[in-house]
Amino acid sequence: MNGLALLDYASVLVFALTGALVASRAQLDLVGFAFMACLTAVGGGTVRDLLLDRHPIFWVGQPDYILIATAAAVLVFFTAHLVESRYNWLVWLDSFALSIAVAAGTGAALSLGQSGVIVVLMGISTGCLGGLMRDVVCNEVPLVLKQGELYVSCAFSGAITAVFATKLGLEPLLSLGLCALVCWALRAGSLIFGWKLPVYKGRPPRQ
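This text gives an overview of the structure that appears in the document.

Reading the values: rules and limits
- Residues numbered from 1 in each chain as written.
- Predicted model: local features only at pLDDT ≥ 70, side-chain atom pairs only at ≥ 80, totals over all residues.
- Heavy atoms only, no water.
- Axes fitted to C-alpha atoms, helices over the stretch in contact; angles between N-to-C directions.
- Helix = DSSP H or I, 4+ residues; strand = E, 2+ residues; numbered from the N terminus.
- Parallel < 35°, antiparallel > 145°, perpendicular 65-115°, else oblique.
- Left-handed = near helix turned anticlockwise from the far one by under 90°.
- Contact = heavy atoms within 4.5 Å.
- Nonpolar A, V, L, I, M, F, W, Y, C, P; charged D, E, K, R; others polar.
- Salt bridge = Lys/Arg side-chain N within 4 Å of Asp/Glu carboxyl O.
- Buried < 20%, exposed > 50% of the residue type's maximum accessible area, 1.4 Å probe, protein only.
- Phe/Tyr/Trp six-rings, centres within 6.5 Å; stacked < 30°, edge-to-face > 60°.
- Polar contact = N/O pair within 3.5 Å; in protein donor to acceptor, adjacent residues only side chain to side chain.

1. Overview of the packing of helix H7 (residues 152-167) against helix H8 (residues 172-193)
Piece 1. One way to put it is that H7 packs onto H8 with a least axis distance of 8 Å and a crossing angle of 155°. Considering the angle they form, H7 stands roughly antiparallel to H8. Relative to H8, H7 is oriented so that their crossing is right-handed. Residues Cys-154, Ala-155, Ser-157, Gly-158, Ala-159, Thr-161, Ala-162, Ala-165 and Thr-166 of H7 form the contact with H8, whose own contacting residues are Ser-175, Leu-176, Leu-178, Cys-179, Val-182, Cys-183, Leu-186 and Arg-187.
Piece 2. Within the contact of H7 with H8, the residues separate by chemical class into 11 nonpolar, 5 polar and 1 charged.

Here it is, written out as structure tokens:
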């Protein structure tokens, strides 16, 4: 198993846990848990593979990904009640999943020799779209769009770090490790210290 496959497995597992936690907040049944876990786990990677014309799509070629996501859903279904704050667990697990998935998407695009712009976009798509699907389907405020927190900008920063590191001649796995580290550090800083970008504030029209 190569490094890119390991990143995909890790992102699927952690994103599946977040999908199941959202299902627990919505009080779904076990099938609902499995659906939300699988949707979250493979959503971003599916979009990535479709856009990059990778065949078969990663979880179609390796159904183990779906089994892992389903197992994560079952685990959360029977243990979520033991967690004091499921939202805190959701936010922090999501931060790890985001970082891993951005690295996975970035690595997939780099392995195909895509340009820097496409590499960055694939990193962002892989990291953000699964969680966006999860939150929209369960009628939650999407973490990716939550005001006052860094999210997409974390994915962008991580992906562009990998692009520049690769151009400087770093080993691919080291570049992807830096990608995940930068992405997670920014996301964690936003959650802990309130780092954020300026938001738009409307002004009355000039006379």
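2. Things to note about the packing of helix H1 (residues 3-25) against helix H6 (residues 116-137)
Piece 1. H6 packs onto H1 with a crossing angle of 15° between their chain directions and a minimal axis gap of 10 Å. Accordingly, the angle class assigned to the pair H1 and H6 is roughly parallel. Crossing handedness for the pair H1 and H6: right-handed. Touching Phe-15, Thr-18, Gly-19 and Val-22 of H1 are Thr-126, Gly-127, Gly-131, Arg-134 and Asp-135, all from H6.
Piece 2. For the contact of H1 with H6, the per-class residue count stands at 2 nonpolar, 5 polar and 2 charged.

3. Remarks on the pattern of salt bridges
Piece 1. Counted according to the given criterion, the structure contains 7 salt bridges.
Piece 2. For Asp-8, the salt bridge is made with Arg-48, and the minimal N-O distance between the two is 3.2 Å. Here Arg-48 lies in helix H2 (residues 30-52) and Asp-8 lies in helix H1, a separation of 40 residues in the sequence. Here Asp-8 matches Arg-48 in class, with each residue buried.
Piece 3. For Asp-49, the salt bridge goes to Arg-48, with nearest N and O atoms at 2.9 Å.
Piece 4. Residue Arg-48 is classed as buried on the basis of its relative accessible area, which comes to 0%.

4. Details of the packing of aromatic side chains
Piece 1. If you walk through the whole model with that rule in mind, you get 7 aromatic pairs.
Piece 2. Summarising the aromatic geometry, the rings of Phe-33 and Phe-77 are spaced 5.0 Å apart at their centres and angled 85° between planes, so their arrangement reads as edge-to-face. Taken together, the residues span a long stretch of sequence, with Phe-33 in helix H2 and Phe-77 in helix H4 (residues 64-79) at a distance of 44 residues.
Piece 3. Overall, Phe-33 belongs to the buried group, its relative accessible area being 4%.
Piece 4. Using a relative accessible area of 31% as the deciding quantity, one classes Phe-77 as partly exposed.

5. Side note on the environment of Asp-135
Piece 1. Within the element layout of this structure, Asp-135 appears in helix H6.
Piece 2. Note on Asp-135: relative accessible area 3%, which makes it buried.
Piece 3. In the structure, Asp-135 is positioned 107 residues away from Leu-28 in sequence and 14 Å away in space, judged by C-alpha atoms.
Piece 4. In this view, Asp-135 contacts Val-22, Glu-140, Val-141, Pro-142 and Leu-143; residues no more than four positions away in its chain are not counted.
Piece 5. Among the polar contacts listed, one links the side chain of Asp-135 to the backbone nitrogen of Leu-143, at a separation of 3.0 Å.

6. Focus: unusual backbone geometry
Piece 1. With omega at -5°, the peptide bond leading from His-55 into Pro-56 counts as cis.
Piece 2. The residue Pro-56 is located in the loop between H2 and helix H3 (58-61) in this model.
Piece 3. A positive phi is found at Gln-27, a non-glycine position, where the angle reads about 55°.
Piece 4. Relative to the helices and strands, Gln-27 is located in the loop between H1 and H2.
Piece 5. One non-glycine residue, Asn-139, lies in positive phi territory at about 60°.
Piece 6. Tracing the backbone through its elements, the reader meets Asn-139 in the loop between H6 and H7.

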